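Secondary and tertiary structure notes
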Amino acid sequence: MNALTLVSVSKSFPSAEGRVEVLRGVSLTVPQGSAHALTGESGSGKSTLLHIAAGLELADAGRVLIGESDLTAADEAGRAALRRGQVGLIFQQFNLIPSLTVAANLGFQARLAARHDAGFITHLAERLGVADLMTRYPEQLSGGQQQRVAIGRCLAARPALVLADEPTGALDEATGDRVLDLMLDLTAETGAALLLVTHSPRLAARCGTRHHLRAGQLEQAP
Amino acid sequence: MIRATLSALLSHWVRNKLQLAMLLAGLALATALWSGVQALNTEARSAYATAEALLSEGETARLEHRSGQVSLSDFLTLRQAGWLVSPILEGRLTLGEARVTLIGIEPLTAPPGAGPALAAEDLSRFFAGHGFAHPQTLREIGPHTPDLQSSEAVPVGTVLVDIGTAQRLLETDQLSALTLGQTQPEGLRPLETLTPDLRLIPPGEGAELAGLTDSFHLNLTAFGLLAFAVGLFIVHSAVGLAFEQRRAMFRTLRALGLPLRHLTACLAAELLVFALVAGTIGLVLGYALATLLMPDVALTLRGLYGAPVPGALAFNPLWALAGLAMALGGTALAGAQALWRLWRLPLLAPAQPRAWAHASARGLRLQTGLAAALALLAMFLALRGTGLVAGFTLLAAVLLAAALTVPLVLTVLLRLAERAARGPLTEWFWADSRQNLPRLSLALMALMLALAANIGVGTMVASFRATFIDWLDLRLVAEVNVMPRSAEEASALRAFLTPRTEGILPMQRVDAQLASQPAQIYAMKDHATFRDNWPLIDPVPGVWDRLAAGEGVLVNEQLYRRAGLLAGDMLDIPQAGSLPVLGAYPDYGNPLAQAVLALPLFNEVWPETPIRQFAVRTDNATELIAALQDDFGLSPAQITDQAQAKEISLAIFERTFLITRALNVLTLSVAALALFAALVTLAGMRLAQLAPLWALGLTPRQLAGLELTRALVLGALTMLLALPVGLMLAQVLLAVINVQAFGWRLPMQIFPDDWARLGLWAALAILAAASLPALRLWRHGPAQLLRVFAAER
Ligand SMILES: Nc1ncnc2c1ncn2[C@@H]1O[C@H](COP(=O)(O)OP(=O)(O)OP(=O)(O)O)[C@@H](O)[C@H]1O
Ligand SMILES: [Mg+2]
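Residues numbered from 1 in each chain as written. Chains lettered and ligands numbered in written order. Predicted model: local features only at pLDDT ≥ 70, side-chain atom pairs only at ≥ 80, totals over all residues. Heavy atoms only, no water.

**Here we look at the sheet that holds strand 14 (residues 570-573) of chain B**
All names here are of chain B. Keep this limit in mind: In this description, strands pair whenever DSSP reports at least two bridges between them. A helix here means a DSSP run of H or I that spans at least four residues, while a strand means a run of E at least two residues long, and both kinds are numbered starting from the N terminus. Angles here are taken between N-to-C directions and fall from 0 to 180 degrees, while the axes themselves are lines fitted to C-alpha atoms, restricted in helices to the stretch in contact.
With mixed pairing, the 6 strands of this open sheet are ordered in space as 11-12-16-13-15-14. In this open sheet, the two edge strands, each paired with only one partner strand, are strand 11 (509-514) and strand 14. Here the strands of the sheet are splayed against their neighbours by 40° on average, with no regard to which way each runs. Strand direction decides the pairing type here: strand 13 (residues 553-556) and strand 15 (residues 577-585), joined by 4 bridges, are parallel. Directly across from L554, in strand 15, lies its bridge partner G583.

Given below as structure tokens:
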């Protein structure tokens, strides 16, 4: 079964020079348990695609399915419910809730999705190396630590699909590699499908399937 | 460089227009309320001055008789002996639709100052029977006043006529007083031998309006100051938040090489411009506000003190300058902390929400310390303070101390709620509320102040009202009151009434000084009406028998408290000698001191005092009134029945607090605006805090609902805090301020219905304040929230 299906998704934005066609009929499937990488130049529409897949943004045309559920047919509440239950999102920053401690942040999404498992969270925290930071607040963490907590929070909820937009973009190479390793290991461990947006061909190479976005269309990565 | 800096700084306001509007509105409102109140005070005081100038009470000595009436023969005696005296006759009467004070003077002999606006051409009209009145009085009297001329120099509510006309209108041949010219011929026979009964009142005395109304104006000023403070809360929080939001910009500007001094100067200049703009708007608003409230204030002052205050307002440039200065000073005060923080800001201070919270943790400790110090001061003042100023200082200390503890108490409460919370969302809700408290706390403090002031003043007024109504029922037991116009009519009335009624209680009084206060001494007939009904404070045993035997006096509560009398103390009564105080009686709504003597003793000391009124006890008031009109031929204006008397007293009471209520509502509105300002500003900063929740699967609608709930919960907690503070305030008002200002102490009564109503209003105000940001979040949430993640695009 596919965790994510995009069928001929199009999206354009108004701009001073007229409408900019960012996505022109993009189709993509991400089967359960697989890891896909998405690369492309800056401004090519990677984030837009990811936002549409998460239901944060609406496509102009085409269909989006999360598992069996049609995201494009759902209203705002329906999209939110799908996100809550099935999708884990990781952005480059602003992932954590500033008013909650690391521990509360880690458990937050799992509790929202009613899949809280204290033992699993402890296990994740240890794997991610944030077990010592549990009582801290997000702004008391380094960028790498924050991202590791964000990954932990996302996986603790056992989502069927993880969408990550340059999760290691703000980190140095070595840290970024370590964080990404963990993420790949852990998604494999939980059986989640992963769609990872990245600039780095080196990181993309570590995913099973690679897509490249150019001129609003997907092509097999070189 | 300066230009570039300024344009960078100002660009913030261009992008945050609503926030700018709030900042300006806060300052403008603060200025408006303060300067509005000041305009009212200035106008009222200048009205007193007009009144005093007209009556020449300020500079001219007067001759008066204790009875309040001077006979024509005394006047003639003095004139023949060569004294330069001029007659005055004052009285109340109904003209057209209005009750007015009629003042009769003799223009030729009147000292300069009396009838100052009467030019030569007016004089001829004056003698022809024309009267003069303020344009507003003319309007109040209505169209049927052919022989009245308009003149601004006459105080409102007064009609100035020739003495002969006055005697004719008031149906008397007596005079009220004689004014004494400032320079008198040499070698005259002394006044004491010519007219031994007349009392010389030196210039300056008798001008009591300013003194009497002081407490009222102090009250207004206190309210104005409170409103100003609440307004400054808005400015302070708006400025603070704007600085906070621009922290990254400051950092960039400094990183680009802009000296800190320049940056600070630019920001100070920005504040100065805001202060000038908002101050000017505030002045206009304040003037409009004062114009709106002036009629109420005038009614209050006339009702309470009989002070002739016009219902219209004149513009005074000095007032405008003072108001602008206040706006500038307030802005400096409100912006000082922000500028100071900027000055001390390390170049790389993190612009993180929690860092802000940490910085305010220190502020919280400081605030708590300050609150403790103020509470101590309040305690000291409550135990030791005397005087009106100490009373108001106590009030301010209590209010400020309470306001300063608001953030601390809320933090503790929210922490407790967080502990008790089950479920991720509620946990987050409380944690997040606590996190954002520092940004909201100023607005919440303002709300607390406004609510406490509302509860306090409301409780005071309602307690007063309840006491007053009970008291009226006891005091106004006479079924009918009749006012004779002359001594002959009085004796005829007595003869007419005696067979028809259960009891006739004559009302006689003389003016005097008691315990060096302006006072009135009344005669009281020994009658069951008084024995059964009059409430007494600390009476001696057998008080009524001793009073009837002429063994002492009763005093009103005002005199009792102001002079610090105790039952049994001796009180000097002019001409009657020293008599023991037998007890005190409540006497609300009367600014003067009073003493009551037994009727026989009174008549012995002041024989021939005219009877002003008969209070009549009867079983059948309707029949008696009919008989008085039809058989005796009394005019309806001379008769008041009990219901009328109560109505009049209650109307006066209601007027007294009209202005207080208006200011109460205004203060609450300003507080709601403060909350609105804070929430709107906060809404922008909160996007980054809410965006992750949205990504995690909460709808914008849910988020908006939570935001609204948060505002309501914080408001409800604040209301809860305001309750005890308001009651404390009411206690201070009832037991300290009222005693100092009016001379009576009232028991506090509790009116939970009023609280419920206030709570409802506050909830509505909070909802109104919170709904715009919430609505925006709901409607435009996705676009706005996406922008947070798009920042990394
Ligand atoms: N709300 C919007 N309004 C107008 N244009 C937009 C909007 N969102 C995105 N775009 C435009 O769409 C295009 C694709 O943006 P997107 O953020 O998806 O690119 P990206 O591939 O993620 O780039 P990067 O690698 O820099 O993150 C860009 O040209 C961008 O300017
Ligand atoms: Mg992107």
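**Observations regarding the pattern of salt bridges**
Residues and elements named next belong to chain B. Quick note on the threshold: Any carboxyl oxygen of Asp or Glu within 4 Å of a side-chain nitrogen of Lys or Arg constitutes a salt bridge here. Between buried and exposed lies partly exposed: a residue is buried under 20% and exposed over 50% of the maximum accessible area for its type, with that area taken using a 1.4 Å probe on protein chains only.
All chains considered together, the criterion is met by 19 salt bridges over all chains. Where E418 meets R434, a salt bridge forms, and the shortest distance between an N and an O atom there is 3.0 Å. Taken as a pair, E418 in helix 13 (residues 388-420) and R434 in helix 14 (residues 424-475) lie far apart in primary sequence, 16 residues in all. Pair check on accessibility: E418 and R434 agree, each one buried.

**Structural notes on the domain arrangement of chain B**
Residues and elements named next belong to chain B. Selection rule: Per the annotation, domain bounds derive from an automatic or database assignment of domains. In this analysis, two residues are considered to be in contact whenever any of their non-hydrogen atoms come within 4.5 Å of each other. By buried area we mean the combined loss of accessible area, with a 1.4 Å probe, across both parts when two parts are placed together.
Domain annotation of chain B identifies domain 1 (1-58 + 214-352), domain 2 (60-201), domain 3 (357-477 + 642-793) and domain 4 (480-617). The C-alpha centroid of domain 4 is placed 29 Å from the C-alpha centroid of domain 2. Contacts between the two partners involve 5 residues from domain 2, matched on the other side by 11 residues from domain 4. Here domain 2 and domain 4 share an interface that buries about 710 Å² over both sides, 43% of which is from carbon and sulfur atoms. Inspection of the domain 2/domain 4 interface yields 0 salt bridges.

**Quick look at the packing of helix 13 of chain B against helix 14 of chain B**
Residues and elements named next belong to chain B. Here is the rule we go by: Every angle not falling under 35 degrees, over 145, or within 65 to 115 is termed oblique; those three ranges are roughly parallel, roughly antiparallel and roughly perpendicular. The handedness criterion is simple: a crossing whose near helix is rotated anticlockwise from the far helix by less than a right angle is left-handed, and one whose near helix is rotated clockwise is right-handed. Three residue categories are used. Nonpolar comprises Ala, Val, Leu, Ile, Met, Phe, Trp, Tyr, Cys and Pro, charged comprises Asp, Glu, Lys and Arg, and polar comprises the others, including Gly.
Two elements in contact, helix 13 and helix 14, have axes whose closest approach is 9 Å; the angle formed by their N-to-C orientations is 160°. Regarding the angle of helix 13 to helix 14, the classification is roughly antiparallel. Crossing of helix 13 against helix 14: the hand is right-handed. Where helix 13 approaches helix 14, its residues L399, A402, A403, L404, V406, P407, L410, T411, L414, R415, A417 and E418 are matched on the opposing element by E427, W430, A431, S433, R434, L437, S441, L444, M445, M448, L449 and A452. Of the residues belonging to the contact of helix 13 with helix 14, the class tally is 17 nonpolar, 3 polar and 4 charged.

**Points about the interface of chain B and chain A**
Opposite the 32 residues of chain B that make contact, chain A presents 28 residues. Approximately 2800 Å² of surface area, both sides summed, lies buried where chain B meets chain A, with 63% of it carried by carbon and sulfur atoms. The tally of links from chain B across to chain A stands at 1 salt bridge. Note that E427 of chain B is salt-bridged to R111 of chain A, the shortest N-O span being 3.1 Å.

**Focus: the packing of aromatic side chains**
Residue and element names in this part refer to chain B. Put simply, the rule is: Pairing of aromatic side chains here covers Phe, Tyr and the six-membered ring of Trp, requires ring centres within 6.5 Å, and sorts the geometry by plane angle: under 30 degrees stacked, over 60 edge-to-face, intermediate tilted.
Under the criterion given, the structure shown has 6 aromatic pairs over all chains. Look at F496 and F632: their rings are 5.1 Å apart centre to centre, the planes differ by 55°, and that puts the pair in the tilted class. Here F496 is found in helix 15 (residues 487-497), whereas its partner F632 is found in helix 20 (residues 621-632), with 136 residues between them in sequence. In this structure F496 comes out as buried when scored by relative accessible area, which is 12%. Through a chain of ring-to-ring contacts, three or more aromatic side chains come together here, namely F530, W534 and Y585.

**Comments concerning the pairing of strand 3 (residues 98-105) of chain B**
Residues and elements named next belong to chain B. Counting buried positions along strand 3 gives 6 out of 8 residues, so the element sits mostly inside the fold. Bridging between strand 2 (residues 85-95) and strand 3 involves 8 bridges; their strand directions are antiparallel. From the neighbouring strand, L95 faces strand 3, where its bridge partner is A98. Turn length for the strand 2-strand 3 hairpin, with the two strands adjacent in sequence and antiparallel, is 2 residues, and the turn residue G96 shows positive phi of about 55°. Two elements, strand 3 and strand 6 (residues 158-162), share 5 bridges in a ladder whose sense is parallel.

**Remarks on the sheet that holds strand 1 (residues 2-15) of chain A**
Strand order in the open sheet made by the 4 strands is 2-1-4-5 (chain A), with antiparallel pairing throughout. Here the strands that pair on one side only, and so sit at the sheet edges, are strand 2 (18-31) and strand 5 (69-70) of chain A.

**A look at the packing of helix 13 of chain B against helix 22 (residues 700-741) of chain B**
Residues and elements named next belong to chain B. The geometry of helix 13 relative to helix 22 is characterised by a closest axis approach of 10 Å and an angle of 165° between their N-to-C directions. Judged by the inter-axis angle, helix 13 sits roughly antiparallel to helix 22. At the point where helix 13 passes helix 22, the crossing takes the right-handed sense. In terms of residue class, the contact of helix 13 with helix 22 is built from 23 nonpolar, 3 polar and no charged.

**As for the environment of L536 of chain B**
Residue and element names in this part refer to chain B. Tracing the sequence through the fold places L536 in the loop between helix 16 (528-533) and helix 17 (543-548). Judged by relative accessible area, L536 falls into the partly exposed class, the value being 22%. As for L536 and T193, which are separated by 343 residues in sequence, their C-alpha atoms are 43 Å apart. In this view, L536 contacts V543, W544, L554, A584 and Y585; residues no more than four positions away in its chain are not counted.

**Things to note about the nonpolar core**
Across soluble globular proteins, nonpolar side chains show a tendency to be buried alongside one another. Rules: The set of buried Ala, Val, Leu, Ile, Met, Phe, Trp, Tyr and Cys residues whose side-chain atoms join them within 4.5 Å is what this entry labels a nonpolar core.
With 155 residues, the main nonpolar core has L4 and L163 of chain A together with W428, L444 and M448 of chain B as its most contacted residues. Two domains share this core, each providing at least three of its residues, namely domain 1 (1-58 + 214-352) and domain 3 (357-477 + 642-793) of chain B. What M448 of chain B contacts, discounting residues up to four positions off in sequence, is L399, A402, A403, V406, T718, L721, A722 and V725 of chain B. L96, L124, A150 and L196 of chain A belong to the second-largest nonpolar core, a separate cluster that totals 37 residues.

**Focus: unusual backbone geometry**
Residue and element names in this part refer to chain A. With a phi close to 45°, S8 is a non-glycine residue in the positive phi region. Along the polypeptide, S8 turns up in strand 1. Relative accessible area serves as the criterion here: at 37%, S8 is assigned to the partly exposed category. Its identity as a non-glycine residue notwithstanding, R158 has a phi of 45°, on the positive side. Tracing the backbone shows R158 in the loop between helix 5 (143-156) and strand 7 (161-165). Residue R158 is classed as partly exposed on the basis of its relative accessible area of 37%.

**Regarding the pairing of strand 14 of chain B**
All names here are of chain B. Burial along strand 14 is one-sided: the residues L571 and I573 are buried and none of M570 and D572 is. Note: strand 14 against strand 15, 4 bridges, orientation antiparallel. Looking at the pairing, D572 lines up with S578 of strand 15. Where strand 14 folds back on strand 15, the antiparallel hairpin that results is connected by 3 residues, among which Q575 adopts a positive phi of roughly 75°.

**Some points on helix 15 of chain B**
All names here are of chain B. Going by this rule: By definition, the arc is the one covered by directions from the helix axis to the C-beta atoms.
Every buried residue belonging to helix 15 is among E489, A490, L493, F496 and L497, and all of these are buried. Buried residues along helix 15 cover an arc of 125° about the axis, so they all sit on one side. Exposed side of helix 15, more than 90 degrees from the buried face: A487, E488 and A495 are the residues found there. Next to the buried residues of helix 15 lie strand 9 (480-482), strand 10 (503-507), strand 17 (613-617) and helix 20.

**Here we look at helix 4 (residues 118-128) of chain A**
All names here are of chain A. The line we're drawing: We call two N or O atoms a polar contact when they sit within 3.5 Å, provided that within protein one can donate a hydrogen and the other can accept it, with sequence-adjacent residues counted only if both atoms are side-chain atoms.
The complete set of buried residues in helix 4 reads F120, I121, L124, A125 and L128. All buried residues of helix 4 project into a common sector of 135° when viewed along the axis, lining one side. Buried positions along helix 4 lie against helix 3 (102-112), helix 5 and helix 6 (173-190). With a side-chain oxygen positioned 3.1 Å from the backbone nitrogen of G119, the residue opening helix 4 is D117. One or two residues past the end of helix 4 sits G129, with phi positive at roughly 70°.

**Looking at a nonpolar patch on the surface**
Quick note on the threshold: Patch membership requires over 30% relative accessible area and the absence of a salt bridge. Like charges are linked within 9 Å, and nonpolar side chains (Val, Leu, Ile, Met, Phe, Trp, Tyr) within 5 Å. Here, Shrake-Rupley sampling with a 1.4 Å probe gives the accessible areas, and only protein chains in the shown set may cover a residue.
A cluster of nonpolar residues, V273, V277, I281 and L285 of chain B, forms a patch on the protein surface that exposes about 310 Å² of accessible area. Considering the arrangement of structural elements, one finds L285 of chain B in helix 10 (residues 260-305).

**Quick look at a positive patch on the surface**
All names here are of chain B. The line we're drawing: Under the counting rule used here, the positive set is Lys and Arg, the negative set is Asp and Glu, and His together with the chain ends is not counted. A single reference atom marks each charge: NZ on Lys, CZ on Arg, CG on Asp, CD on Glu.
A surface patch of like charges, here positive, comprises R341, R344, R362 and R365. Elements with a minimum of two residues in the positive patch: helix 11 (317-344) and helix 12 (353-384). Of note, R341 is situated in helix 11.

**What about the side chain of T699 of chain B?**
Checked against the element boundaries, T699 of chain B lands in the loop between helix 21 (642-695) and helix 22. With sequence-adjacent residues up to four places away left out, T699 of chain B is seen in contact with E76, A77 and A80 of chain A.

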